[in-house]
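# Per-entry structural report
Here's the letter readout for the chains.
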Amino acid sequence: LRLFEFRGITVFLHWTWFIAAIYLIVQSTENYHSGIWKVAEYLALFGIVILHEFGHALACRSVGGRAEKIILWPLGGVAFVAPPPRAGAVLWSIAAGPLVNVLLLPVTVALLHFGRGLNPDLTHFLWRMKWINITLLIFNMLPIYPLDGGQILQSLLWFFLSRGRSLLIAASIGILGAAALGLLALYERSLFAGMIAVFAGVMAWNGIRAAMLLLAQENPRRRTEAACPYCGSHPPIGNHWTCPCGHDFDTFQTGGICLICGNSFNVTQCGDCGKDAPIQQWMPARAGSYAPTRF
Ligand SMILES: [Zn+2]
Ligand SMILES: [Zn+2]
Ligand SMILES: [Zn+2]
């Protein structure tokens with residue numbers, strides 16, 4: 001369901017949101033004289049969530065990333081953000097969400113201060129707003145990937161470690177956190193906590209798989225029998241060379257020939273120093289044409 005658009009960011013509402021909203025409003029044990037305040041409270045909760053998600057989306061835009069969509073689920077909101085793959089850009093895109101809740105802190109305190117005494121229901125509503133905002137802030141800052149706190153931890157580690165390694169650490173902590181939450185849900189017999197635990201567990205597991213792919217790219221296996229004649233680095237094993245015909249192939253496996261179109265390459269580029277050299281110079285042991293001078 002399309003709700004509205006602001007600065008090119010469209011907010012959608014998933015239909016299951018209505019079921020959860022009715023269930024949670026009916027279940028609410030808050031002490032209001034009029035039930036309409038329970039509806040107002042639930043809507044205000046989602047107002048805070050939308051502001052939080054806009055924090056992510058606008059921050060992502062500000063560092064040159066893409067953000068076009070926010071979806072509201074029963075469990076909360078998701079801003080679909082694609083910041084540039086740099087630690088600082090990702091850190092800012094993630095941190096801006098909880099930062100909105102920090103900015104809302106004095107706002108909710110002031111509203112409660114000035115609204116107090118006007119109407120008992122209004123006072124209770126404003127008191128609830130203050131605590132809902134604080135609860136959302138604390139929950140989001142738990143260092144459990146994929147919660148904001150876990151993603152902030154990942155981008156902080158990324159300043160010191162590789163991207164894959166930082167994601168592996170953060171997602172592993174996320175798996176532990178999801179397991180702990182799952183146990184707590186069983187102990188408390190809470191369906192809601194159980195759903196969040198399963199959701200977080202699946203997301204953290206996806207994070208671990210993504211980290212494995214990143215690590216494989218960061219540390220490819222190397223072909224030790226060949227070496228770049230310029231920088232001496234061993235070429236990676238795998239289809240890292242692209243023929244103009246569009247085929248990716250391992251030039252050291254085929255001897256510099258694309259097996260799809262038959263194109264033969266007289267030089268091979270080094271992925272580490274960027275220089276070109278004939279493939280015979282990479283593999284002096286095999287080719288007689290290149291004899292390194294020895295003392
Ligand atoms: Zn967030
Ligand atoms: Zn080809
Ligand atoms: Zn090289």
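Keep in mind that what you see is a predicted model, and the values were worked out from it rather than measured.

This part covers the overall build of the protein chain. Each helix and strand in the protein chain was counted, giving nine helices and eight strands. Rg of the C-alpha trace for the protein chain: 27 Å, well past the compact-globule value of 19 Å for 295 residues, more than 25% over. Dimensions of the protein chain, computed from C-alpha atoms along their principal axes, come out at roughly 95 × 45 × 35 Å. Within the span of the protein chain, comprising 295 residues, buried residues form 39% of the whole. Once local pairs closer than 6 in sequence are excluded, the contacts in the protein chain between residues at least 24 apart make up 54%. Charge separation in the protein chain, taken as the distance between the mean sites of 20 positive and 14 negative side-chain charges, equals 3 Å.

A contiguous nonpolar surface patch, about 570 Å² in accessible area, is contributed by L156, F159, F160, L161, I169 and I173. By secondary structure assignment, the location of L156 is in helix α5 (residues 148-158).

Here we come to the side chain of S166. Along the chain, S166 falls in helix α6 (residues 163-188). When neighbours within four sequence positions are excluded, S166 is seen to be in contact with Q154, L157, W158 and L161.

The zinc ion (ligand 1) binds to the protein through H52 (NE2), H56 (NE2), D148 (OD) and D148 (OD), with metal-donor distances spanning 1.9 to 2.7 Å. In this structure, the zinc ion (ligand 1) is coordinated by four donor atoms arranged in irregular fashion, with angles at the metal of 53 to 148°. Written as a sequence motif, the donor residues of the zinc ion (ligand 1) are H-x3-H-x91-D. Of the two residues, H52 and H56 are both situated in helix α2 (residues 36-62); the distance of four residues between them amounts to about one turn of the helix. By the burial criterion, H52 is buried, and H56 matches it.

Now for the coordination of the zinc ion (ligand 3). For the zinc ion (ligand 3), every protein donor is listed as C228 (SG), C231 (SG), C270 (SG) and C273 (SG), and the spread of their distances is 2.3 Å. Geometry at the zinc ion (ligand 3) is tetrahedral, judged from its four donor atoms and the angles of 104 to 118° they form at the metal. Motif for the zinc ion (ligand 3), donor spacing along one chain: C-x2-C-x38-C-x2-C. Taken together, the residues span a long stretch of sequence, with C231 in the loop between α7 (191-218) and β5 (241-242) and C273 in the loop between β7 (268-269) and β8 (276-277) at a distance of 42 residues. Judged by relative accessible area, which is 38%, C231 ranks as partly exposed.

To continue, consider α5. Here α5 has its buried residues at D148, G149, G150, I152, Q154, S155 and W158. Here the buried face of α5 lies against α2, α3 (87-115), α4 (120-141) and α6.

Another point: the packing of α5 against α6. Interhelical geometry of α5 versus α6 gives an angle of 150° and a closest axis separation of 8 Å. Overall, the two elements α5 and α6 adopt an arrangement that is roughly antiparallel. Taken as a pair, α5 and α6 cross one another with a handedness that is right-handed. Contacts between α5 and α6 involve G150, L153, Q154, L157 and W158 from the former and R163, S166, L167, I169, A170 and I173 from the latter. For the contact of α5 with α6, the residue count by class is seven nonpolar, three polar and one charged.

What counts and how
- Residues numbered from 1 in each chain as written.
- Chains lettered and ligands numbered in written order.
- Predicted model: local features only at pLDDT ≥ 70, side-chain atom pairs only at ≥ 80, totals over all residues.
- Heavy atoms only, no water.
- Helix = DSSP H or I, 4+ residues; strand = E, 2+ residues; numbered from the N terminus.
- Rg over C-alpha atoms; globule rule 2.2 N^0.38 Å.
- Buried < 20%, exposed > 50% of the residue type's maximum accessible area, 1.4 Å probe, protein only.
- Contact = heavy atoms within 4.5 Å.
- Lys, Arg positive; Asp, Glu negative; His and termini not counted.
- Charge placed at Lys NZ, Arg CZ, Asp CG, Glu CD.
- Patch = residues over 30% accessible without salt bridge, like charges linked within 9 Å, V, L, I, M, F, W, Y side chains within 5 Å.
- Areas by Shrake-Rupley, 256 points an atom, 1.4 Å probe, with all protein chains shown as cover.
- Salt bridge = Lys/Arg side-chain N within 4 Å of Asp/Glu carboxyl O.
- Donors = N, O, S within 2.8 Å, 3.2 Å for Na, K, Ca; no water.
- Tetrahedral: all angles 85-135°; square planar, octahedral: opposite > 155°, others 65-115°.
- Axes fitted to C-alpha atoms, helices over the stretch in contact; angles between N-to-C directions.
- Parallel < 35°, antiparallel > 145°, perpendicular 65-115°, else oblique.
- Left-handed = near helix turned anticlockwise from the far one by under 90°.
- Nonpolar A, V, L, I, M, F, W, Y, C, P; charged D, E, K, R; others polar.

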